[in-house]
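Notes for the structure review
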Amino acid sequence: MPITLEQLNRASQADAAQMLDGLYEHSPWIAEQALAQRPFQSLAHLKHALCEVLAHAGRDAQLGLIRAHPELAGKAMVSKTLTAESTNEQSKAGLTDCTPEEFAKIQKLNADYNAKFGWPFILAVRGPRGVGLGKKQIIDAFERRLFGHPDMELQECLRNIHRIVEIRLNDKFGVEPTLGHQVWDWQEKLAQHSDPGFAELGQLTVTYLTDAHRACAQRITQNMRDCGFDQVYTDAVGNVVGRYQPATAGAKYLMTGSHYDTVRNGGKYDGRLGIFVPMACVQQLHQQGKRLPFGIEVVAFAEEEGQRYKATFLGSGALIGQFNPAWLDQQDADGITLRAAMQHAGLCIDDIPKIQRDPAQYLGFVEVHIEQGPVLNEMNIPLGVVTSINGGVRYQCEMIGTASHAGTTPMDRRRDAACAVAELALYMEQRAAQDGDSVATIGQLQVPNGSINVVPGRCLFSLDMRAPTDAQRDALVADVMAQLDQIVERRGVRVKVELTMSAAAAPSAPEWQARWERAVSALGVPLFKLPSGAGHDAMKLHEVMPQAMLFVRGENGGISHNPRESTTSDDMQLCVDAFTHVLHQLTTELS
């Protein structure tokens, strides 16, 4: 019989410790100490209490716990002396059925890892969804983490232990994150679509209005219809819109959503999580036959990343009347104009002004998003409430020098375009660090038709600068541009600069941020607030209506814009639960 939280809270210390036996490998002291935090408000509360005990236990105790774990496919598995829990987990990952070659490789990796770090490699082999990682995924993680820094690798082992314990707790309590699994599955299926040149490499890239992009729109459309939305359509810029009608005709709508395009070779959750979480909520309402005193509009924004055309936030910008007709003449890398791409996709350009929303018809805008950073992951906190979205600017630039022979051109007579950009990059790194929370990046740097024996005569590069306030951002930009002018003058080169994006900082509306805070607290999750360093569609909606965001932690150090971007179905379940709580709050307020 599964344990209940009520039983755990009411049991004696000894009985409660017995209920939690087997969570940690040969280390019952963690659960015993965590029981001092009873009564637990929720399973999430219990999970965090366990994390806190280990976080404050000290390095020696942490190392003792790690060393109590068996090696993957190691001697304990061969001799069948694993605990029942470890046997189950390694079996689910197929480690009990390795080929001789796989077994030999894992044994070599175990030996190399132990030799470097002094403790066994720890990986939650049941994975983010709990069904088990494949052997290739395990070996890939093994090989990658061999190059980690010891301090970071120690923390990564502990975080994987927390994930192992989370799954074991779910088993003990008979809990299944059903809606989290649903959101997970939707995202996995959507990730099957990728642009040519990337799909063949197993990489995820979906840029605006490609075949893969349109396939994603079709899949999202069908998912929305299956969930029970009353109206589903694709608008004039390719946004997929689902509307769930209110109980009373004419009532206002809550707008939510995020983007479904990706960066090149990106992750599966950036943007897409914010589409599927509210869809799961609508699915529940439809299955229960419930209508709310307000409608729900979920928008899957067609473009946010600015990857194919220099028209970042095209999808959400169009909804607030900020589609720039000059964008239509932009060309992608293949010379295809935005106008031609839209026409090929069957979009009606003349209808773009008609999709602008009237803010008076909306309560506000909320967005769920993966954090895209390490903070929540490092703190072992699943959800974070966003206080503000950093303001940012982007430029596309060209440095123009003189191409010349690399062997015959003296160093003091070169007009090296790439060196000029390199000098600027180093200055940006130093200048942004002075603020503490500003960031500046040259993410693209290319020498067109460069040769190994030619001094670069041209260099194409990008600039990305962000800060929590507009004033701080503007000061950073001014300093960088002044330095650019000095570099150009001193080196005798020229530069062309094109501003491609400017977004003001977007502080969360206090009343909407408070709703997210109440939702998180009601789940028994520690309340943690943080700014967003990344830009989001909420920045655009912020210009016409109140907005607030909820972050979910990412796995693998919180990495994003990367194939290793990940989160768990348990954390996605908490997202759905928090979103549902916000819907309940609004229902109470409007009733």
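So, a few notes on the structure that sits alongside this text. Small disclaimer: the values here were computed from a predicted structure and weren't measured. (Residues numbered from 1 in each chain as written. Predicted model: local features only at pLDDT ≥ 70, side-chain atom pairs only at ≥ 80, totals over all residues. Heavy atoms only, no water.)

**Some details on the overall build of the protein**
Heads up, the rule is: Helix numbering and strand numbering both begin at the N terminus, where a helix is a DSSP run of H or I of at least 4 residues and a strand a DSSP run of E of at least 2. All radius of gyration figures rest on C-alpha atoms, and the globule criterion is 2.2 Å times the number of residues raised to 0.38. Here the term buried applies to any residue with accessible area under 20% of the maximum for its type, exposed to any over 50%, and partly exposed to those in between, with areas from a 1.4 Å probe on protein chains only. Whether two residues are in contact is decided by their heavy atoms, any of which lying within 4.5 Å being enough.
Along the backbone of the protein there are 21 helices and 16 strands. Computed over C-alpha atoms, the radius of gyration of the protein comes to 26 Å, within 12% of the 25 Å expected from 2.2 N^0.38 for 591 residues, which places it in the range of a compact globule. Each principal axis of the C-alpha atoms in the protein carries an extent, and together these give about 75 × 70 × 45 Å. The buried share of the protein, reckoned over its 591 residues, is 55%. Contacts in the protein between residues at least 24 apart in sequence constitute 77% of all its contacts with a sequence separation of at least 6.

**Let's talk about empty space enclosed by the protein**
The following threshold applies: For cavity detection a 1 Å grid was placed over the protein atoms alone, and a set of points counts as a cavity when a 1.4 Å probe fits there but cannot get out; an open set counts as a pocket when protein lies on both sides within 12 Å along at least five of seven lines, with lining residues being those that have an atom within 4 Å of a point. Grid points are joined across faces, edges and corners, and a volume is the space filled by probe spheres set on the points.
Under the definition given, this model contains two cavities of 30 Å³ or more. Of the voids in this model, the largest cavity is the one considered here, and its volume is about 110 Å³. Taken together, 13 residues make up the lining of the largest cavity; nearest its centre are His69, Leu72, Glu89, Leu123 and Ile164. Listed by contribution, the elements that provide at least two residues to the lining of the largest cavity are helix 7 (84–92) and helix 10 (150–173).

**Observations concerning the environment of Ser194**
Tracing the sequence through the fold places Ser194 in the loop between helix 11 (178–190) and helix 12 (211–227). By relative accessible area, which is 14% here, Ser194 ends up buried. For the pair Ser194 and Ser566, spaced 372 residues apart in sequence, the C-alpha to C-alpha distance is 18 Å. Each residue touching Ser194, except ones within four places of it in the same chain, is listed here: Ala199, Gln203, Leu204, Thr205, Val206 and Ala212.

**Concerning the pairing of strand 3 (residues 253–259)**
The condition is simple: Only strands joined by at least two bridges in the DSSP assignment are considered to pair.
Of all seven residues in strand 3, seven are buried; the element is thus mostly enclosed. Side-chain alternation along strand 3 places Tyr253, Met255, Gly257 and His259 on one buried face and Leu254, Thr256 and Ser258 on a second face that is also buried. Pairing of strand 3 with strand 4 (residues 295–301) involves seven bridges; the strand directions are parallel. Note that in strand 4 the partner of Leu254 across the bridge is Ile296.

**Topic: the nonpolar core**
Filter applied, for reference: What is meant by a nonpolar core is a set of buried Ala, Val, Leu, Ile, Met, Phe, Trp, Tyr and Cys residues, joined one to another through side-chain atoms within 4.5 Å.
Tyr208, Phe323, Met342, Leu383 and Trp516 are the most contacted members of the largest nonpolar core, which has 104 residues in total. Counting 51 residues, the second largest nonpolar core, distinct from the first, contains Leu63, Leu95, Leu123 and Ala141.

**Re the pattern of salt bridges**
Test applied: Basic side-chain nitrogens of Lys or Arg form a salt bridge, by our definition, when they fall within 4 Å of a carboxyl oxygen of Asp or Glu.
Within the structure shown, the criterion is met by 39 salt bridges. For Glu297, the salt bridge goes to Arg357, with nearest N and O atoms at 3.1 Å. Within this pair, whereas Glu297 is found in strand 4, its partner Arg357 is found in the loop between helix 15 (338–344) and strand 5 (362–370), the two being separated by 60 residues in sequence. Across the pair, exposure class does not vary: Glu297 and Arg357 are buried alike. Measuring nitrogen to oxygen at the nearest pair gives 2.9 Å for the salt bridge that ties Arg308 to Asp332. Separated by 24 residues along the polypeptide, Arg308 in the loop between strand 4 and helix 14 (314–319) and Asp332 in the loop between helix 14 and helix 15 bring together distant segments of the chain. For the residue pair Arg308 and Asp332, the accessibility class agrees, reading buried in each case. Each of Lys47, Arg163, Glu166 and Asp570 takes part in a single network of salt bridges with overlapping partners.

**Re the packing of aromatic side chains**
Applied cut-off: Pairing of aromatic rings covers Phe, Tyr and Trp, the last through its six-membered ring, and needs centres within 6.5 Å; plane angles under 30 degrees mean stacked, over 60 mean edge-to-face, and all others mean tilted. Working rule: Lys NZ or Arg CZ, within 6 Å of ring centre, within 35 degrees of ring normal, means a charge sits over the ring.
Applying the stated rule across the entire model yields 10 aromatic pairs. Seen from their ring centres, Tyr113 and Phe117 are 4.5 Å apart, and the 50° between their planes marks the pair as tilted. A residue pair is termed a helical-turn pair when its members lie 3 or 4 positions apart in one helix, as Tyr113 and Phe117 do in helix 8 (residues 100–117) at four residues. Assigned by exposure class, Tyr113 and Phe117 land together as buried. Cluster of aromatic residues (ring-pair linked, three or more members): Tyr113, Phe117, Trp119, Phe121 and Phe142. In this arrangement the basic side chain of Arg515 is found over the ring face of Trp512, its NZ or CZ atom lying 4.3 Å from the centre.

**A word on unusual backbone geometry**
The step from Arg38 to Pro39 runs through a cis peptide bond, and the omega angle for that step is 0°. Its location among the elements puts Pro39 in the loop between helix 3 (29–34) and helix 4 (43–55). Non-glycine residue His26 carries a positive phi angle of around 50°. Here Asn449, not a glycine, exhibits a phi torsion of approximately 55°, which is positive. Note on placement: Asn449 falls in the loop between strand 10 (445–446) and strand 11 (454–455).

**A closer look at helix 4**
Note the following rule: Helix span, as expected, comes to 1.5 Å for every residue beyond the first.
The end-to-end C-alpha separation of helix 4 is 18 Å, in line with the 18 Å expected for 13 residues at 1.5 Å each. Here helix 4 lies mainly inside the structure; 10 of its 13 residues are buried. Those residues of helix 4 not exposed but buried are Leu43, Ala44, Leu46, Lys47, His48, Ala49, Leu50, Cys51, Val53 and Leu54. In this structure, the buried side of helix 4 is in contact with helix 1 (5–10), helix 3, helix 5 (59–67), helix 10, helix 16 (375–379) and helix 21 (569–590).

**What to know about the side chain of Asn377**
Formally: Distance and chemistry together define a polar contact, namely a pair of N or O atoms within 3.5 Å, with one atom able to donate a hydrogen and the other to accept it when in protein, and with adjacent residues in sequence counting only for side-chain atoms on both sides.
Along the chain, Asn377 falls in helix 16. Polar side-chain contacts of Asn377 include one of 2.8 Å to the side chain of Arg159.

**Topic: the packing of helix 19 (residues 510–522) against helix 21**
Note the cut-off: For helices, the axis comes from a line fit to the C-alpha atoms of the stretch in contact; other axes are also lines fit to C-alpha atoms, and the angle between any two N-to-C directions lies between 0 and 180 degrees. Any angle from 65 to 115 degrees is called roughly perpendicular, while one under 35 is roughly parallel, one over 145 is roughly antiparallel, and all others are oblique. Whether a crossing is left-handed or right-handed is set by the direction in which the near helix is turned from the far one by less than a right angle, anticlockwise for left-handed and clockwise for right-handed. In this classification, the charged set is Asp, Glu, Lys and Arg, the nonpolar set is Ala, Val, Leu, Ile, Met, Phe, Trp, Tyr, Cys and Pro, and all remaining amino acids, among them Gly, are polar.
As a packed pair, helix 19 and helix 21 sit with axes 9 Å apart at the nearest point and diverge in direction by 120°. The pairing of helix 19 with helix 21 is recorded here as oblique in orientation. Read as a crossing pair, helix 19 and helix 21 show a hand that is right-handed. Residue-level inspection shows Trp512, Arg515, Trp516, Arg518, Ala519 and Ala522 of helix 19 in contact with helix 21, the latter providing Ala578, Phe579, His581, Val582, Gln585, Leu586 and Glu589. Grouping the constituent residues of the contact of helix 19 with helix 21 by class yields eight nonpolar, two polar and three charged.

**Remarks on the environment of Pro120**
Its place among the elements puts Pro120 in the loop between helix 8 and helix 9 (135–145). Exposure remark for Pro120: the relative accessible area of 6% places this residue in the buried category. Note: C-alpha distance between Pro120 and Ile66 (54 residues apart in sequence) is 6.9 Å. In this structure, Pro120 is in contact with Ile66, Arg67, His69, Glu71, Tyr113, Asn114 and Cys157, ignoring residues within four places of it in sequence.

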